[in-house]
Amino acid sequence: MQPHFRFAGFMGRRVHLGVTGSIAAYRALDLLRALLAADLTVSATLTDAGARFVTPLSFEALGASPVYGSMFGPAGQGEGAFGHLEPGQDAAALVIAPATANMLAKLAHGLADDMLSCQALAFPGPRIVAPAMNPRMWQAPATRRNWDALADLGFIRVDPESGGVACGDTGTGRLAPLEEILAATLRAVSPQDYAGRRVLVTLGPTREPWDGVRFWSNPSSGTMGACMAMAAHLRGAEVTVVAGPVDLLFPSGIRVVPVRTALEMHEACLDLWPSMDIACATAAVADFRPEPHGPGKFKKSGAGDLRVNFLPNPDILKAMGESKADHQRLIGFAAETGDPRAEAARKLAAKGLDLMAANDVSRQGSGFCSATNEMFVIDATGRVESWPVLPKTEVAWRLWDHLPLD
Ligand code: CTP
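Keep in mind the model is a prediction, meaning the values are calculated, not measured.

*Asks:* Help me out: how do you make sense of the site of the ligand in this one?
*Replies:* Around the ligand, 15 residues are found, and the nearest of them are Ala281, Ala283, Phe333, Lys347 and Lys351. Residue Phe333 places a main-chain N or O atom 2.9 Å away from an oxygen atom belonging to the ligand. About the coverage of the ligand: the protein hides 78% of its 570 Å² of free accessible area. Residue contributions to the shell around the ligand peak at 4 residues, all from strand E17 (residues 329-336). Residue composition of the shell around the ligand, by class: 9 nonpolar, 2 polar and 4 charged.

Below you can see the structure in the form of structure tokens.
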């Protein structure tokens, strides 16, 4: 899983996982592991059909506790007299993945004829449902109606994806990617303190073409920006990412605007900025672009007098700072080699920022292509902090805590 999905720190929160009878049931084991890695406690219920595909023992062995089976199963399964009501008493979210067409129908109509459907009906918190089934079952008018009904009933729906399914058919019906279900679940158990805020995040490198096959760029992976975008999304924000060329997966709730060059990123950001409340610029924008040689490939036979001239690129963050409205907030990042303090303070003032997070990329555990960062953080109110080496997910979470808001 990519680093920007590895959010942890949900200690003390419980998620209840429901598993129904689909071949995709084995993927619920990976979901369980990802939820446990986020410091969540997980309990589970397998329907009778679900338990034919994966065993309760597999869930118990990985750390789910308790694991419920059928409503009137043999004693000692952990369900007690009121197991059908239990998860509602202490779980922060219920996630049913995979959910069969049959389970969607039960949820849509309030049927409660087995342990999981009783638990779902009695559950007062956020309910996430991720279906998996044959494409013709998914397209059936009754399933379409049930799926719409689940939206009206307030379920958080994670759409299945398209592709080949186990029976050999092709179409929509495959269980959504793990990351999509995980993101929906983590969002359901996160504080929603950024709900209603529109957040723009720039990330990744820019790529400045020189000839038809070569470009000028840098090794930014976009991970820090992806963590900022994910943390804001989990906390309820409406997030738009303007991404240079990166290999990153985002949940469908995050809008991604792909760009290549600094000029394209500049144009996209200035278009979006007036409709945003906050922008966070993590992109490693190329400050200069080579004067283009032309659309074709430069041949080495012509390299005798090779010279590349560079032209300045616009400073995107500075341009957003110059047109910043009173209610808007701007976060900048600075990658320095050496002590970042003086440069962080200079850039905070020069670019009209509310918060600047700087790091020394020459230090181990900080900077490009690393899953961790050691940050020096300074804000417009004069607060100055130095943070230890932390996962970028944790840095992102703390920065959103740290940003002075109204
Ligand atoms: N930035 C930007 N557009 C640019 C250059 C930088 O939006 N053309 C943003 C970066 O995304 C980052 C901040 O400005 O949030 C600081 O970037 P950095 O590269 O550290 O600083 P520069 O302003 O480019 O200055 P220098 O290269 O001299 O350190």
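Now, onward.
*Asks:* Honestly, the pairing of E17 in this entry has me stumped. Any pointers?
*Replies:* Side chains on a regular strand alternate between the two faces of the sheet. With 7 of its 8 residues buried, E17 lies for the most part within the structure. With 4 bridges connecting them, strand E14 (residues 278-281) and E17 associate as parallel partners. Among the inter-strand pairings, Cys280 is bridged to a residue of E17, identified as Ile331. Across 6 bridges, the pairing between E17 and strand E18 (residues 355-360) is parallel. What sits directly across from Ala334, in E18, is Ala358. Each parallel crossover has a hand, and for E17 linked through helix H13 (residues 341-350) to E18 it is right-handed.

*Asks:* Sorry if this is basic, but what is going on with the side chain of Asn359 here?
*Replies:* Mapped onto the elements, Asn359 comes out in strand E18. With a relative accessible area of 5%, Asn359 lands in the buried category. A polar contact is formed between the side chain of Asn359 and the side chain of Asn373, at a distance of 2.8 Å.

*Asks:* Please clarify how the sheet that holds strand E2 (residues 41-46) should be interpreted in this entry.
*Replies:* Paired through backbone hydrogen bonds, the strands of a sheet run either parallel or antiparallel to each other. Taken together, 6 strands build an open sheet; the order of strands is E3-E2-E1-E4-E5-E6 and the sheet is parallel. Sheet topology places strand E3 (67-68) and strand E6 (156-157) at the edges, where each strand pairs with a single neighbour. Direction of pairing for E2 relative to E3: parallel, over a ladder of 2 bridges. In the sheet register, Ala44 faces E3, and the bridge partner there is Val67. Each of strand E1 (14-19), E2 and strand E4 (93-99) is contacted by helix H1 (residues 27-37), which is oriented at about 180° to E1, the strand it contacts most.

Each value, and the rule that gives it
- Residues numbered from 1 in each chain as written.
- Predicted model: local features only at pLDDT ≥ 70, side-chain atom pairs only at ≥ 80, totals over all residues.
- Heavy atoms only, no water.
- Near = heavy atom within 4 Å.
- Polar contact = N/O pair within 3.5 Å; in protein donor to acceptor, adjacent residues only side chain to side chain.
- Areas by Shrake-Rupley, 256 points an atom, 1.4 Å probe, with all protein chains shown as cover.
- Helix = DSSP H or I, 4+ residues; strand = E, 2+ residues; numbered from the N terminus.
- Nonpolar A, V, L, I, M, F, W, Y, C, P; charged D, E, K, R; others polar.
- Buried < 20%, exposed > 50% of the residue type's maximum accessible area, 1.4 Å probe, protein only.
- Pairing = 2+ DSSP bridges.
- Right-handed = clockwise from strand over helix to strand, strands pointing away.
- Contact = heavy atoms within 4.5 Å.
- Axes fitted to C-alpha atoms, helices over the stretch in contact; angles between N-to-C directions.

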